[in-house]
Amino acid sequence: MKKKKEAAAQDPIPKKERPSWDDYFMDIAALVARRSTCLRRDVGAVLVRDRRILATGYNGAPSGLHHCLDTGCLREQLGVPSGERHELCRGLHAEQNAIIQAALHGVSVKGAQLYCTNHPCIICAKMIVNAGIIKITFRDGYLDHMAKEMLMEAEIEVEQR
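Below, the structure is looked at part by part. Not measured: the values here are computed from a predicted model.

**Details of the overall build of the chain**
Next, step 1: Along the backbone of the chain there are seven helices and five strands.
Next, step 2: When the helices and strands of the chain are read in sequence order from the N terminus, they spell out α-α-β-β-α-α-α-β-α-β-α-β.
Next, step 3: A globule of 161 residues ought to have a C-alpha radius of gyration of about 15 Å, yet the chain, at 20 Å, is considerably larger.
Next, step 4: Taken over the C-alpha atoms alone, the chain extends approximately 75 × 35 × 30 Å along its principal axes.
Next, step 5: Across the 161 residues in the chain, those meeting the buried criterion constitute 35%.
Next, step 6: Sequence-distant contacts, at least 24 apart, represent 55% of the contacts inside the chain between residues at least 6 apart.
Next, step 7: For the chain, the accessible area works out to roughly 10,400 Å², and carbon and sulfur atoms hold 53% of it.
Next, step 8: Put simply, the chain has 23 plus and 20 minus side-chain charges, and the middle of one group is 9 Å from the middle of the other.

In structure tokens, the structure reads:
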């Protein structure tokens, strides 16, 4: 019995691998994206400061209005390419919804980090700059060159994971 105890004491306790904070929040953004009502792309966003979630958002129609799941996609019907003519859409982008949710509940996002499943478009980039968000971590492309340039000019750190 004594030898078993000695052997157990020598074997280190196996440590489970925990995700990094960046992976954790990016995984949450991917989960949030599953709520999307867009027929073209599921996007999720999470606003974080000091490792605390401030707000989340996904792409879809404004609260209480019919979703594209119900009405169909106007952009698809008109043959509008991805990344163009954003005004021809019932939905808001995930980043917009996250910023709006924070504002609706009186939560400042100044100094926050945005985790998003996709790179922000130019419209979202402008909102991100004015909201005081300091860093963007995104998973997938959908790179908008004008957005990239504006975020660089605003000195917002952008990282793909």
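Still more to cover.
**Side note on the packing of aromatic side chains**
Next, step 1: Counted under the stated rule, the structure contains four aromatic pairs.
Next, step 2: Plain terms: the ring middles of Trp 21 and Phe 25 are 5.7 Å apart, the flat faces sit at 25° to each other, and that makes the pair stacked. Note that Trp 21 and Phe 25 are positioned in helix H2 (residues 21-33) at a spacing of four residues, about one turn of the helix.
Next, step 3: Note on Tyr 24 and Phe 25: the rings are 5.0 Å apart at their centroids and 65° apart in plane angle, and the pair reads as edge-to-face.
Next, step 4: Taken together, the aromatic side chains of Trp 21, Tyr 24, Phe 25 and Tyr 115 make up a single cluster linked through ring pairs.

**Examining the environment of Leu 65**
Next, step 1: Its location among the elements puts Leu 65 in the loop between strand E2 (52-58) and helix H3 (68-71).
Next, step 2: Residues Leu 65 and Gly 79 lie 14 residues apart in sequence; the distance between their C-alpha atoms is 23 Å.

Parameters at a glance
Throughout, a residue's number is its position along its own chain's written sequence, starting from 1. Residue-level local features of this predicted model are given only where pLDDT is at least 70; pairs of side-chain atoms are given and counted only at 80 or more, and the full residue set underlies all totals for whole chains, interfaces and linings. Note that the side-chain values use all heavy atoms of the structure and ignore hydrogens as well as water. Numbering goes from the N terminus for both helices and strands, where a helix is a DSSP run of H or I of at least four residues and a strand is a run of E of at least two. Between the two quantities, the radius of gyration covers C-alpha atoms and the globule rule is 2.2 Å times the number of residues to the power 0.38. To sort residues, take the accessible area from a 1.4 Å probe on protein chains only and compare it with the maximum for the residue type: under 20% means buried, over 50% means exposed, and anything in between is partly exposed. In this analysis, two residues are considered to be in contact whenever any of their non-hydrogen atoms come within 4.5 Å of each other. Where accessible areas are quoted, they stem from the Shrake-Rupley method and a 1.4 Å probe; at the residue level, only the protein chains shown are allowed to cover. Charge counting treats Lys and Arg as positive and Asp and Glu as negative, with His and both chain ends excluded. Lys charges are placed at NZ, Arg charges at CZ, Asp charges at CG and Glu charges at CD. Pairing of aromatic rings covers Phe, Tyr and Trp, the last counted by its six-membered ring, and requires centre-to-centre distances within 6.5 Å; plane angles under 30 degrees mean stacked, over 60 mean edge-to-face, and any other angle means tilted.

Fair warning: the whole summary comes from geometry, so function is off the table for now.
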